[in-house]
Amino acid sequence: MMVSRKFIIGAICAVVVTALLLAKLTGPQKPETGDAAATTVPAAGLAGTASSTLFFALRNDLIDYDAPSSSYGVAVADADGDGDVDIWLGQHNDGSTSVFMRNRLDEAAGAFERQPVDVIGDRHDGVWVDLDGDGVRDLFVVRGGAKAGQVEKTIEALGNLVLINRGYREGQLVLERSDGGHSDTGSRGLYYSHGRGRTATFLDVNRDCRLDVVLANAALPDGAYPTALFVQQRDGSFALASDRLNPSGNGVITAFPADFNGDGVMDLFLLGQRKPNALAYGDGTGFRSANDDLPRALRGTRATDAVVADFNGDLRPDLWLATDMSASGKRGRDRLFLNTGKGFVDASRASGIAKSVFHSKNATSGDFDNDGDVDVYEVNADYSPRGAKGNRPNVFWENTGNSGVVESDGQQLQVPVFVAHSGAGYAPSGDNGLGSTVAAGDFNDDGALDLIVANGSKGETRYPEYFHRGSYDLFLGGDRGDNAWLTLDLAGTPPNTAAIGAVVLATVDGKTQMRTAVNGVHSRTQDDPRLHFGFGATGQASRAKLDIAWADGTRQVIEDVALNQVLRVVEPTGGCLEQPGE
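Time to look at the overall build of the protein. Across its full length, the protein carries 2 helices and 41 strands. When the 582 residues of the protein are sorted by exposure, 61% land in the buried category. Contacts spanning at least 24 positions in sequence make up 58% of the contacts within the protein whose residues lie at least 6 apart. Of the roughly 21,000 Å² of accessible surface on the protein, a fraction of 49% belongs to carbon and sulfur atoms.

In structure tokens, the structure reads:
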């Protein structure tokens, strides 16, 4: 359907009820999503078969890319500045280059346009982030470095890379590596040459308005190149600030930022490479260990990915752990830990997710059916030597609302109950290789979140029939319920132009929801960084009120916001006008 493309808000003071000065920009009709069976076709072991109005339509014709490859990193963001989110495909380490997919769905091309990106090496993750404060997202590539402490690769294949986005020239997106990129100078101090890189989490740790970064690394036998915090300097380079974020010395898959203790400062949940997991509270200068605030089950759960979101609507960030297998080698049961404000309580059984077992490899979240609560989508595959070695049904966990309870400190805590859907209409990848990662984003800006699923995990090399066999699946989402929605594209004051760390409260018809701008990062993946809300069935006169706490402390309130649009919100002039290098 035809939807509003972008609206721009200008604001002129720090705390203000802003008048909306709207300039409507419309584009050509987006491609139709097609039809797909909405009836749930459950796989063995799924928790239930309750109906949902959600459906996903397979549209691989829009990416036209079926080359089997070893797919790890997938990153989604608007790289070319045209308002549509694009895709970077890492391609891992099978000798192929990375690929940039330019989103031209609303142009004459009507599809994604493919461009090779000359990046080699063991590519584990890619993150679109504005590193030089010019308002355009650059690309940071996390690479695996040396394994087991041995230098087995050429210098060109080692270390992380910074690619500065210079815009389009002669029909190509120019991603520039200064000094060849293969050095600490070319990578602005983030080369970390022999680190076994997994993901990169950008956030402003010390409140100087410049983005710092946590590099999550797998463990080396000698303890070198652990997970570390790098702080950005005035000249745009980065300096090592701490390599003791995880006192156990265990490797880290991803560092997930959120204000877990409600003090207004971003904290970190560190997902362990195997276990244990860790928690670190931010204090405005760095992080301190808070592992004593983690229940044993949360600290000890072995997971492959995590989701941080407010699942029960109490405006606190909760934790969902996607599990592959237990320490004994059995299939895993996902875990849900709700944030009570005083700590975390295990709500896995009360929420219904403990009834099912899967080989979960990656997870993403969002209000996929736009009914006003956060759902989860998981990619499943069996890599184990003892397993069947093949793809498993991907699962959509529908949040059906707070109909469960769990006791916490003598009180009844509301628990969301989830129902698992799989099969036709719910983004299955079938026998297409081995599931690896998934990124969510609204590629056609119709208000329904879409999915790009990578199916090229290398699995066990001793089983060549499953090695590098899969490609990518693009699923366009749809909702037959015609629920209301709103997507916010936040533009922060330089140098933090992506507004990373901003917290938004959106209120419609008396119900308030929370989203935090954290750049969409999870294990080896970056989701659409824009903030998406669903509001369920609303009246024609319904409007949203937005209360935005920007990362630099500026507060902005916006009244009477129309629904069913993508809205660009520009931060009022605040205290972060300094550009790197000044």
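By the definition in use, this model includes 17 aromatic pairs. Here the aromatic rings of Trp-320 and Phe-418 are separated by 5.0 Å at their centres, their planes lie at 80°, and the arrangement is edge-to-face. Taken as a pair, Trp-320 in strand 21 (residues 318-322) and Phe-418 in strand 29 (residues 418-421) lie far apart in primary sequence, 98 residues in all. Assigned by exposure class, Trp-320 and Phe-418 land together as buried. Each member of the aromatic cluster is reached from another via a ring pair, and the members are Phe-56, Phe-368, Tyr-377, Phe-396 and Tyr-426.

Here 4 strands make up an open sheet; going across it, the order is 3-32-31-30 and the pairing antiparallel. Each having just a single partner strand, strand 3 (54-58) and strand 30 (437-441) make up the two edges of the open sheet. In this sheet, adjacent strand axes meet at a mean angle of 25° when their direction is disregarded. As defined by bridge partners, strand 31 (residues 450-454) adjoins strand 32 (residues 472-479) across 4 bridges and the pair is classed as antiparallel. Note on strand 32: the bridge partner recorded for Leu-451 is Phe-475.

Definitions and limits used
Residues numbered from 1 in each chain as written. Predicted model: local features only at pLDDT ≥ 70, side-chain atom pairs only at ≥ 80, totals over all residues. Heavy atoms only, no water. Helix = DSSP H or I, 4+ residues; strand = E, 2+ residues; numbered from the N terminus. Buried < 20%, exposed > 50% of the residue type's maximum accessible area, 1.4 Å probe, protein only. Contact = heavy atoms within 4.5 Å. Areas by Shrake-Rupley, 256 points an atom, 1.4 Å probe, with all protein chains shown as cover. Phe/Tyr/Trp six-rings, centres within 6.5 Å; stacked < 30°, edge-to-face > 60°. Pairing = 2+ DSSP bridges. Axes fitted to C-alpha atoms, helices over the stretch in contact; angles between N-to-C directions.

Take it as geometry only, folks, not as evidence of what the structure does.
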